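Fold and contact review
If you want the building blocks of each chain, they are given just below.
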Amino acid sequence: KAGVTQTPRYLIKTRGQQVTLSCSPISGHRSVSWYQQTPGQGLQFLFEYFSETQRNKGNFPGRFSGRQFSNSRSEMNVSTLELGDSALYLCASSQTGPNSGNTIYFGEGSWLTVV
Amino acid sequence: GEDVEQSLFLSVREGDSSVINCTYTDSSSTYLYWYKQEPGAGLQLLTYIFSNMDMKQDQRLTVLLNKKDKHLSLRIADTQTGDSAIYFCAGTSGNTPLVFGKGTRLSVIA
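Below is a short write-up of the structure.

Topic: the overall build of chain B
A count of helices and strands for chain B gives 0 helices and 11 strands. Start at the N end of chain B and walk to the C end: the helices and strands fall as β-β-β-β-β-β-β-β-β-β-β. For 110 residues, the compact-globule formula gives about 13 Å, and the C-alpha radius of gyration of chain B, at 13 Å, lands near that figure. Projected onto the principal axes, the alpha-carbon positions of chain B cover approximately 40 × 30 × 20 Å. When the 110 residues of chain B are sorted by exposure, 46% land in the buried category. Sequence-distant contacts in chain B: of pairs separated by 6 or more residues, those separated by 24 or more amount to 53%. Working note: accessible area of chain B is about 5300 Å², and carbon and sulfur atoms make up 49% of it. Separation between the mean location of the 10 positive side-chain charges and that of the 12 negative ones in chain B comes to 1 Å.

A closer look at the state of the cysteines
Residue and element names in this part refer to chain A. Summed over all chains, the structure comprises 2 disulfides over all chains. Residue pairing for Cys23: its cysteine sulfur links by disulfide to Cys91, the two sulfurs lying 1.8 Å apart. The sign of the S-S torsion, about -60 degrees, decides the handedness of the disulfide formed by Cys23 and Cys91: left-handed. With Cys23 in strand 3 (residues 19-24) and Cys91 in strand 9 (residues 87-94), the pair connects residues that are 68 residues apart, well separated along the chain. Judged by its relative accessible area of 0%, Cys23 falls in the buried class. In this structure Cys91 comes out as buried when scored by relative accessible area, which is 0%.

Some remarks on the layout of surface pockets
Using a probe with the size of a water molecule, rolled over the atoms, empty space left in the structure can be pinpointed. For the largest pocket, the calculated volume is near 530 Å³. Along its surface, the largest pocket is lined by 23 residues, and Gln37 and Pro39 of chain A together with Gln37, Ile86 and Arg105 of chain B are the ones closest to its centre. Secondary structure elements with two or more residues in the lining of the largest pocket: strand 4 (31-38) and strand 9 of chain A together with strand 9 (85-92) of chain B. For the lining of the largest pocket, a count of residues per class yields 11 nonpolar, 9 polar and 3 charged. By volume, the second largest pocket is sized at about 210 Å³. For the second largest pocket, the full set of lining residues is Lys36, Gln44, Leu45, Leu46, Asp58, Gln59, Arg60, Leu61, Ile76, Asp83 and Tyr87 of chain B. Here the lining of the second largest pocket gets 3 residues from one element, more than from any other, and that element is strand 5 (residues 44-50) of chain B. Among the residues forming the lining of the second largest pocket, the class breakdown is 5 nonpolar, 2 polar and 4 charged.

A few points about the sheet that holds strand 3 of chain A
Sheet strands line up and pair through hydrogen bonds in the backbone, either parallel or antiparallel. Residue and element names in this part refer to chain A. Here we have 4 strands laid out as an open sheet, ordered 1-3-8-7, and antiparallel in their pairing. Looking at the sheet topology across the chains shown, the edges are occupied by strand 1 (5-7) and strand 7 (64-68). Across the sheet, the mean angle separating the axes of adjacent strands is 15 degrees when strand polarity is ignored. As judged from the 5 bridges shared by strand 7 and strand 8 (residues 74-78), these two strands associate in the antiparallel manner. The partner of Ser65 across the bridge, within strand 8, is Asn77.

Structural notes on the side chain of Ser33 of chain A
Position of Ser33 of chain A relative to the elements: it lies in strand 4. Once you skip the residues sitting within four places of it in the chain, Ser33 of chain A turns out to touch Phe45, Phe47, Glu48, Leu90, Cys91 and Ala92 of chain A.

Conventions adopted
- Residues numbered from 1 in each chain as written.
- Chains lettered and ligands numbered in written order.
- Predicted model: local features only at pLDDT ≥ 70, side-chain atom pairs only at ≥ 80, totals over all residues.
- Heavy atoms only, no water.
- Helix = DSSP H or I, 4+ residues; strand = E, 2+ residues; numbered from the N terminus.
- Rg over C-alpha atoms; globule rule 2.2 N^0.38 Å.
- Buried < 20%, exposed > 50% of the residue type's maximum accessible area, 1.4 Å probe, protein only.
- Contact = heavy atoms within 4.5 Å.
- Areas by Shrake-Rupley, 256 points an atom, 1.4 Å probe, with all protein chains shown as cover.
- Lys, Arg positive; Asp, Glu negative; His and termini not counted.
- Charge placed at Lys NZ, Arg CZ, Asp CG, Glu CD.
- Disulfide = S-S within 2.5 Å.
- 1 Å grid on protein atoms, 1.4 Å probe; cavity = no way out; pocket = protein on both sides within 12 Å on 5 of 7 lines; lining within 4 Å.
- Points joined across faces, edges and corners; volume = space filled by probe spheres on them.
- Nonpolar A, V, L, I, M, F, W, Y, C, P; charged D, E, K, R; others polar.
- Pairing = 2+ DSSP bridges.
- Axes fitted to C-alpha atoms, helices over the stretch in contact; angles between N-to-C directions.

Bear in mind that shape data such as this cannot, by itself, settle questions of function.
Next up, the structure:
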């Protein structure tokens, strides 16, 4: 069974640009969550999607957005990139969500560097 | 909201047991997880425990949950150099997303 797949694994962007990251959850999983990991702030929740609907949202500015497709694949977008957006972006997959007692699996992450 | 605290560093000798501790604030935390992160990698799910359990054992891993003190621990028996990594405790309650601790960096000395 394939795990959680995130693409791209590494990318470098310039301030002001925008970026789109992709996440393919484990087959049969309908909940996808996104987290940002930085050395200073640790792991912070961005948002969660379930059946194409955003179910939870963290405390991030509107420049951070996401969506989920009918096949449960999810994308997140960051517009007008800032240096502080440099981070590891992690996607988590579970059957019905983190509050349902399902096991939650993470991908290898996308390393974003903003220069 | 939920807050999760972990000690930042732990150093053990190869072959010894490691105990990583975690405390959480939300008494309604229902599901508690341990993840391992190696350099440059994502989060690997190690084990999890539900609030109606006191202990869970999985090969070299033992999780203990003290609900009264809101304390969770992960014991790794016969610690190996390959266990060197950062270990994250995470919890969730109700309709909340996972909340993570800052992580404990485990160093195993050969």
